[in-house]
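Structural features, examined
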Amino acid sequence: MKPRVLLDVDGVVGDFAAEFIKELYNEFGIRKTAADNTSWDFGKSFGLTKGQEQQVFRAMDGAAATMKPYPKAVEGVKKLATISDVFFCTSPVKSAPRWCYDRTQWLIDLFGPAQARRVAYTSEKYIVDGHFLVDDKPQNLELWHEEGFHRTPILWDQPWNQDSKLPRMSDWGKLFEVVNRWASVPKVE
Ligand SMILES: [Mg+2]
């Protein structure tokens, strides 16, 4: 049996924070870096009102099409898919009507149509079963793990998740090793 690996997209494969920071500058002239973003509450991290934060999210419609993949992420995903069944598991941005369409096109461009079919759009990631979930949001991993203790959560290291105690990783080579080790252990059927 091949391991099933669920990969979050924003904050793991694609640089969502860079798109937020770009629109923050376009909308309000506020200049920030990803390192300034030390909490899940983007607005709080950057000193924004709720209204300003919503304005930035609305301005991000189209960001799923233009988002840059993180360095080594595309190669990392492709290599991982040689030893496991990789599925993308990603939350839509609700204020961006084109988000899911753009993301699917983006996945096709980067990984081809067959891999791009393997995508689950949901904010409730715990409903999706797999052996691994790689995500930068601790809450997603905690809820997912509570639903099945055979599941291995992996927190993708980012400035905004430093307060979590979950096992973390930031290297595609290490992730490949961990999944490969799992794949090589004989399983009781
Ligand atoms: Mg994420």
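About the thresholds
- Residues numbered from 1 in each chain as written.
- Predicted model: local features only at pLDDT ≥ 70, side-chain atom pairs only at ≥ 80, totals over all residues.
- Helix = DSSP H or I, 4+ residues; strand = E, 2+ residues; numbered from the N terminus.
- Rg over C-alpha atoms; globule rule 2.2 N^0.38 Å.
- Buried ≥ 20, exposed ≤ 12 C-beta atoms within 10 Å, placed from the backbone.
- Contact = placed C-beta atoms within 7 Å.
- Domains from an automatic or database assignment.
- Nonpolar A, V, L, I, M, F, W, Y, C, P; charged D, E, K, R; others polar.
- Arc of directions from axis to C-beta.
- Pairing = 2+ DSSP bridges.
- Core = buried A, V, L, I, M, F, W, Y, C linked by C-beta atoms within 7 Å.
- Expected span 1.5 Å × (residues − 1).

1. Some points on the overall build of the chain
Of the regular secondary structure elements, the chain holds 9 helices and 6 strands. The C-alpha atoms of the chain give 17 Å as radius of gyration, which agrees with the globular expectation for 189 residues (16 Å, within 12%). Judged by the C-alpha coordinates and their principal axes, the chain covers about 55 × 35 × 30 Å. Taken across its 189 residues, the chain has 32% of its residues classed as buried. Of the contacts made within the chain by residues no fewer than 6 positions apart, 62% connect residues no fewer than 24 positions apart.

2. Some words on the domain arrangement of the chain
Segmentation of the chain into domains returns domain 1 (4-15 + 65-184) and domain 2 (16-64). Here domain 1 and domain 2 have C-alpha centroids that lie 22 Å from each other. Opposite the 21 residues of domain 1 that make contact, domain 2 presents 18 residues. Within the residue set of the side of domain 1 that touches domain 2, elements represented by two or more residues are α4 (63-66) and α6 (99-111). The element best represented in the side of domain 1 that touches domain 2 is α6, accounting for 4 residues. In terms of residue class, the side of domain 1 that touches domain 2 is made up of 9 nonpolar, 5 polar and 7 charged.

3. A look at helix α8 (residues 138-146)
Those residues of α8 lying buried are N140, L141 and W144. The arc enclosing the buried residues of α8, seen along the axis, measures out at 95°, which places them on a common side. Pointing more than 90 degrees away from the buried face of α8 are the exposed residues Q139 and E146. Contacts made by the buried residues of α8 are with β4 (132-135) and β5 (152-156).

4. Some thoughts on the pairing of strand β1 (residues 4-7)
The pairing of β1 with strand β2 (residues 85-90) spans 4 bridges and is classified as parallel. Looking at the pairing, R4 lines up with D85 of β2.

5. Points about the pairing of β2
Regular strands have side chains that alternate between both faces of the sheet. Taking burial as the measure, the 6 residues of β2 include 5 buried ones, the bulk of the element. As defined by bridge partners, β2 adjoins strand β3 (residues 119-121) across 3 bridges and the pair is classed as parallel. Residue pairing for β3: T90 is matched across the bridge by Y121.

6. What about the sheet that holds strand β6 (residues 168-169)?
Reading across the sheet, the 6 strands line up as β3-β2-β1-β4-β5-β6 and stay open at both edges, with parallel pairing between neighbours. Whereas interior strands pair on both sides, the edge strands pair on one side only; in this sheet they are β3 and β6. Pairing analysis gives 3 bridges linking β1 to β4, with the strands arranged parallel. When the bridges of β4 are listed, V5 appears paired with F132.

7. Describing the nonpolar core
Counting residues in hydrophobic clusters, the biggest one holds 40 residues, and the most contacted among them are V5, L7, L133 and V134. Residue contributions to this core peak at 5 residues, all from helix α1 (residues 16-28). Built from parts of two domains, this core gets at least three residues from each of domain 1 (4-15 + 65-184) and domain 2 (16-64). Apart from residues lying up to four places away in sequence, V5 is in contact with L80, S84, D85, V86, G130, H131, F132, V134 and V179.

8. Observations regarding α6
Taking 1.5 Å of rise per residue, 13 residues should cover 18 Å, and α6 covers 18 Å from first to last C-alpha, within 8% of that figure. Of the positions making up α6, those classed as buried are W99, R103, W106, L107 and F111. Here the buried residues of α6 occupy an arc of 100° about the axis, which is enough to place them on one side. Among the exposed residues of α6, those pointing more than 90 degrees away from its buried face are Y101 and D109. Against the buried residues of α6 lie α4, α5 (73-80), β2, α7 (113-116) and β3. G112 occupies a position one or two residues after α6 and carries a positive phi of about 90°.

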